[in-house]
Amino acid sequence: MQFLAKFKASIILAILAVGLLIIAENNQVYWSTWLETSKTLIYVLGGITFLFAAQFSRSRYSFLILLWLLFYFVISSQFDFANAINSLLPEFEKSSLFSTIGSVQWGMLTGLFLTAILISIKDRGILTIFSIYRLALFSMATALALVWLWFAKEIAPQYVSSTDDYLMKALQIEFPLLLVSLFLAWSIFKKSDLFLASLSFSIIVMCLYYYRVISVPMSISLSVVFCLYWLAVIVDAYFLAYRDELTGLPSRRALYQLVLSLGRKYTVAMIDIDHFKKFNDTYGHDIGDQVLKLVAVKLQKVKGGGKVFRYGGEEFTIVFPRKNAVQSSSELELLRQAVADYKIVIRHPQRKGKESRKNHKYGNEKTVSVTISIGVAMREAKQGFDQVLKSADEALYRAKKGGRNKVSY
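So, how was this worked out
- Residues numbered from 1 in each chain as written.
- Predicted model: local features only at pLDDT ≥ 70, side-chain atom pairs only at ≥ 80, totals over all residues.
- Heavy atoms only, no water.
- Helix = DSSP H or I, 4+ residues; strand = E, 2+ residues; numbered from the N terminus.
- Buried < 20%, exposed > 50% of the residue type's maximum accessible area, 1.4 Å probe, protein only.
- Contact = heavy atoms within 4.5 Å.
- Areas by Shrake-Rupley, 256 points an atom, 1.4 Å probe, with all protein chains shown as cover.
- Pairing = 2+ DSSP bridges.
- Salt bridge = Lys/Arg side-chain N within 4 Å of Asp/Glu carboxyl O.
- Core = buried A, V, L, I, M, F, W, Y, C linked by side-chain atoms within 4.5 Å.
- pLDDT = per-residue confidence, 0-100.
- Lys, Arg positive; Asp, Glu negative; His and termini not counted.
- Axes fitted to C-alpha atoms, helices over the stretch in contact; angles between N-to-C directions.
- Parallel < 35°, antiparallel > 145°, perpendicular 65-115°, else oblique.
- Left-handed = near helix turned anticlockwise from the far one by under 90°.
- Nonpolar A, V, L, I, M, F, W, Y, C, P; charged D, E, K, R; others polar.
- Arc of directions from axis to C-beta.

## Considering the overall build of the protein
Here's step 1: When helices and strands are tallied, the protein shows 17 helices and seven strands.
Here's step 2: Residues counted as buried form 44% of the 409 residues belonging to the protein.
Here's step 3: Long-range contacts, defined as pairs at least 24 residues apart, comprise 73% of the intrachain contacts of the protein with a sequence gap of at least 6.
Here's step 4: Accessible area for the protein stands at about 22700 Å²; split by element, carbon and sulfur atoms hold 61% of it.

What follows is the structure in structure tokens.
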């Protein structure tokens, strides 16, 4: 399924990111000669990845890259923003807070708050009104980081015993870090997403530097991070182009990609859900989508080397490389039977139209069955894939005409 595929990709990217940083930490002699170049390269890599992400409407990556570059600029310029703000305040409003806060501490907390925002928002186009709203949110997160540190340093100690000094220090960074990490973990569990994986190793990188676990220059680390962002966008674009969003199956484009690697011997099966339009009209598109997902899950269990694709609408295609029709028939019969035996529970069988969406009455639960018809064709001599597909489609038509819920050759 698409969820599992993305989850695996997320784990691989996170491990790859941490692994590369560990390698860089233990092999400083190799990257030390590239240090000066990396200080310029980081902006080039960041800019390329930013544009690449924007092209595929992955605006959260674009914002994440901009925030990293801003953070790197603050660190590399050694500009003390906290004291700069303090100098702008009137004398009577000056607080010891700004003289005790360091830019790194403020940057770490701001990064955590920005991470929480990036988890919560959705991808939108860069050149839209949404970007203005998000920039406003980011500005508020930066201010909130100052307020939080002010509270942890100035207010909270007044109500806690002096012996709890460790608790007060933990309240400044470790407590927000725990909350954001739990929020991120819950989001990943709820919906695996490559961007969430990117945020995971972004937090890891921030922690490695904040707690001084590694001494690799940030320009080197961010070069690695930006390359991994770029790779994540490419993988995400692949899923968008070659995977059906609803069922998680490879799409028709992926089918024709497979065709390029097929030999002279293969079998194609065209599969159609029986009476799907009537089912959709009766129970609604939401239930229809559930049926498509159900059939997709059943088809994915095909054995014998079969590769499943969603061809379009309620049609699916299975290709058996290096197999003839006889070798594939038993597997297709098992799939047909597995779908027919599965009972679907319809909780509200009456479809809700536009007039009754607000004032509808729930019906009783109803159990229905779905069946599929399958047409099978084996490649003959001098036949192209489109000709085999057409033969399978004609066999599917015969299965439909012969009473449905059949496998026809």
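## A short note on the pairing of strand E2 (residues 307-312)
Here's step 1: Judged from the five bridges that link them, E2 and strand E3 (residues 315-321) form a sheet pairing that is antiparallel. Within E3, the position partnered with Arg310 by the bridge is Phe316.
Here's step 2: Counting the residues between successive antiparallel strands, the hairpin from E2 to E3 contains two residues, one of them, Gly313, with a positive phi of roughly 60°.

## So, the sheet that holds strand E7 (residues 407-408)
Here's step 1: Strand order in this open sheet of five strands is E2-E3-E1-E6-E7, and the pairing throughout is mixed. Looking at the sheet topology across the chains shown, the edges are occupied by E2 and E7.

## Re the pattern of salt bridges
Here's step 1: On inspection of all chains with the given rule, the structure shows seven salt bridges.
Here's step 2: When the shortest N-O distance is used, the salt bridge between Lys400 and Asp274 registers 3.0 Å. Linking Lys400 in helix H17 (residues 385-401) with Asp274 in the loop between strand E1 (266-273) and helix H14 (276-283), this pair joins segments that are 126 residues apart in sequence. Here Lys400 and Asp274 have matching classes, each one buried.
Here's step 3: Here the residues in one salt-bridge network are Asp272, Asp274 and Lys400, joined through shared partners.

## Thoughts on unusual backbone geometry
Here's step 1: Within the chain, Lys382 stands out as a residue other than glycine whose phi angle is a positive 65°.
Here's step 2: Within the fold, Lys382 resides in the loop between strand E6 (372-378) and H17.

## Quick look at the nonpolar core
Here's step 1: Ranked by internal contacts, the top residues of the largest apolar core, which has 53 residues, are Tyr61, Trp68, Leu118, Leu199, Val225, Phe226 and Tyr229.
Here's step 2: At the level of elements, helix H3 (35-55), helix H4 (59-77), helix H7 (103-120), helix H8 (129-155), helix H10 (174-190), helix H11 (194-210) and helix H12 (218-242) are the ones that each hand at least two residues to this core.
Here's step 3: Residue contributions to this core peak at eleven residues, all from H11.
Here's step 4: In this structure Leu118 touches Arg60, Phe63, Leu64, Leu67, Phe138, Phe195 and Leu199, once residues within four positions along its chain are discounted.
Here's step 5: Counting residues in each nonpolar core, the second largest holds 31 residues, with Phe320, Ile346, Ile372 and Val376 among its members.

## Some remarks on the confidence of the model for the protein
Here's step 1: Per-chain confidence: the protein averages 79 in pLDDT, with 78% of residues scoring 70 or above.
Here's step 2: Segment residues 89-100 is flagged for pLDDT under 50; beyond a separation of four residues in sequence, or across chains, it makes 19 contacts in the model.
Here's step 3: Below a pLDDT of 50 lies the segment residues 351-362, which in the model reaches nine contacts outside its immediate sequence neighbourhood of four places, other chains included.

## Side note on the pairing of strand E4 (residues 343-346)
It is a general feature of regular strands that their side chains alternate between the two faces of the sheet.
Here's step 1: Taking every second residue as pointing to the same face, the buried face of E4 carries Ile344 and Ile346, while none of Lys343 and Val345 on the other face is buried.
Here's step 2: Examined bridge by bridge, E4 and strand E5 (residues 366-369) share four bridges and lie antiparallel to one another. Considered in E5, the bridge of Val345 is made with Thr367.

## Some remarks on the side chain of Glu315
Here's step 1: One can find Glu315 in strand E3.
Here's step 2: Of the side chains bearing the opposite charge, Arg252 lies closest to the buried Glu315, which forms no salt bridge; the N-O distance is 6.2 Å.
Here's step 3: Among residues more than four places away in sequence, those in contact with Glu315 are Met270, Ile271, Asp272, Arg310, Asp393 and Leu396.

## Brief notes about the packing of H10 against H11
Here's step 1: At a closest axis distance of 10 Å, the pairing of H10 and H11 adopts a crossing angle of 160°. The angle between H10 and H11 falls in the class roughly antiparallel. The hand of the H10/H11 crossing is left-handed. Between H10 and H11, the contacting residues are Leu177, Val180, Leu184, Ser187 and Ile188 on the first element and Leu196, Leu199, Ser200, Ile203 and Cys207 on the second.
Here's step 2: The class makeup of the residues in the contact of H10 with H11 is eight nonpolar, two polar and no charged.

## Quick word on the packing of H14 against helix H15 (residues 285-299)
Here's step 1: Taken N-terminus to C-terminus, the directions of H14 and H15 make an angle of 140°; their axes are 7 Å apart at the nearest point. By the angle between their directions, the pair H14 and H15 is classed as oblique. The segment H14 lies against H15, with Phe276, Phe279, Asn280 and Tyr283 engaging His285, Ile287, Gly288, Val291 and Leu292.
Here's step 2: Split into classes, the residues belonging to the contact of H14 with H15 amount to six nonpolar, three polar and no charged.

## Looking at helix H13 (residues 252-259)
Here's step 1: For H13, the set of buried residues is Ala254, Leu255, Leu258 and Val259. The arc that holds the buried residues of H13, viewed along the axis, is 155°, so those residues lie on one side.
Here's step 2: Residues of H13 that are buried make contact with H12, E2, E3 and H17.

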